[in-house]
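Reading the structure
As a plain string of letters, each chain reads:
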Amino acid sequence: MFSQIFRSAIKLAPNARANSNIATASSAKLQELALEEKCILVDEHDRALGSASKRDCHRVDPEGNIPLHRAFSVFLFNNAGDMLLQRRSIHKITFPDCYTNACCSHPLYEFEGEREELNALGIRRAAQRRLNFELGIPMAQVRPENFHYLTRIHYADRGDGTWGEHEIDYILFLQKDVDLKPNDSEVSEVRYISRKELTETISTLDAPLTPWFRLILQHRLRVWWDNLHRIQKYENKKIERF
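Presented here is a report on the structure given in the accompanying data block.

Procedures and definitions
Position labels on residues start from 1 in each chain and follow its written sequence. With pLDDT at 70 or above as the cut-off, local features in this predicted model cover only qualifying residues; side-chain atom pairs require 80 or more to be listed or tallied, and sums for whole chains, interfaces and linings still use all residues. Hydrogens and water are ignored here; the side-chain numbers use all heavy atoms of the structure. Throughout, nonpolar core names a set of buried Ala, Val, Leu, Ile, Met, Phe, Trp, Tyr and Cys residues whose side chains join them through atoms within 4.5 Å. Each residue is assigned to one of three classes by its accessible area relative to the maximum for its type, calculated with a 1.4 Å probe on protein chains only: buried under 20%, partly exposed between the two thresholds, exposed over 50%. Numbering of helices and strands runs from the N terminus, with a helix taken as a DSSP run of H or I at least four residues long and a strand as a DSSP run of E at least two residues long. Planes of paired rings set the category: under 30 degrees apart is stacked, over 60 is edge-to-face and the rest tilted, where pairs are Phe, Tyr or Trp rings (Trp by its six-membered ring) whose centres lie within 6.5 Å. Consider the ring centre and the ring normal. A charge sits over the ring if Lys NZ or Arg CZ is within 6 Å of that centre and within 35 degrees of that normal. What makes a salt bridge here is a side-chain nitrogen of Lys or Arg within 4 Å of a carboxyl oxygen of Asp or Glu, nothing more.

Right, let's talk about the nonpolar core for a bit. With 29 residues, the main nonpolar core has Phe75, Met83, Phe173, Phe213, Leu221 and Trp225 as its most contacted residues. Those elements giving two or more residues to this core turn out to be β4 (69-77), β5 (83-88), β8 (148-157), β9 (165-175), α4 (198-204) and α5 (211-226). With 8 residues, the top contributor of residues to this core is α5. Judged by nonpolar contacts, the second largest core, of 28 residues, contains Val187, Val190, Tyr192 and Ile239.

Below is the structure:
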């Protein structure tokens, strides 16, 4: 059975519904504001080309194109080897109410430190920031040097035809016991699952997977997870394309 489950969505008593409506409006507003953040545009070799708003980086144009930009995906494991699974908030603009890995986001152009490319330091800094923002993990518990940078994956998905993804996605592994306090605006549920529960859990989820998580699960995750104790051996700095 699941090792640990946290749910931020609960049934509300009638006298709490007004507060719930306010919280919903606030979450939607935060997601809208986040669309003005600047992502890092890149070419197919991950060379930085400038910046564009998160809104522009995720809009599908009339020809079905989406600007290629830099992103990251964090896979978080506790010391027992269980993996954290996140369910995205229904308020997310892209792939709302989908299950995915612990944290998926972007380094921001506005932060000079997140543009640092040596040893993927900018990506690691962005991952630290987002783990704190989305999951409430204290930044001292997820320092940049704690992450294992495994590889980069170039993928695209047109989503609902209006909002989609086209990313060079840096894959980061982190194994550590951490404190969690999920942000309801970003996350509706988190749970730890063991390696032996993976297949059953995925087959019984009542919501879809994000496209990047589905690809990584299909092509790499099981092997990586089975070798968590020697994950450095699986580092591959080439860009993989599925």
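Turning to the packing of aromatic side chains, a few remarks are in order. Within the structure shown, the criterion is met by 8 aromatic pairs. An aromatic cluster is built from Phe75, Phe77, Phe173, Phe213, Trp224 and Trp225, whose rings are joined through pairwise contacts. Sitting over the face of the ring of tryptophan 163, arginine 59 holds its NZ or CZ atom 4.8 Å from the ring centroid. A cation sits over an aromatic face here: arginine 115 above tyrosine 109, 4.5 Å from the ring centre.

It is worth spelling out the pattern of salt bridges at this point. It is possible for side chains of opposite charge to pair when their charged atoms get near one another. Going through the model one piece at a time under the given rule, you end up with 17 salt bridges. With a shortest N-O distance of 2.6 Å, glutamate 186 and lysine 92 are connected by a salt bridge. Residue glutamate 186 is located in the loop between β9 and β10 (187-193), and its partner lysine 92 is located in the loop between β5 and β6 (99-100); the two are separated by 94 residues in the primary sequence. Between glutamate 235 and lysine 237 there is a salt bridge, with its nearest N and O atoms 3.5 Å apart. We classify glutamate 235 as partly exposed; its relative accessible area is 36%. Among the residues examined, lysine 237 registers a relative accessible area of 38% and is labelled partly exposed. Here the residues in one salt-bridge network are Asp46, Arg70, Glu117 and Arg152, joined through shared partners.

Interpretation note: all reported values are geometric properties and have no functional meaning in isolation.
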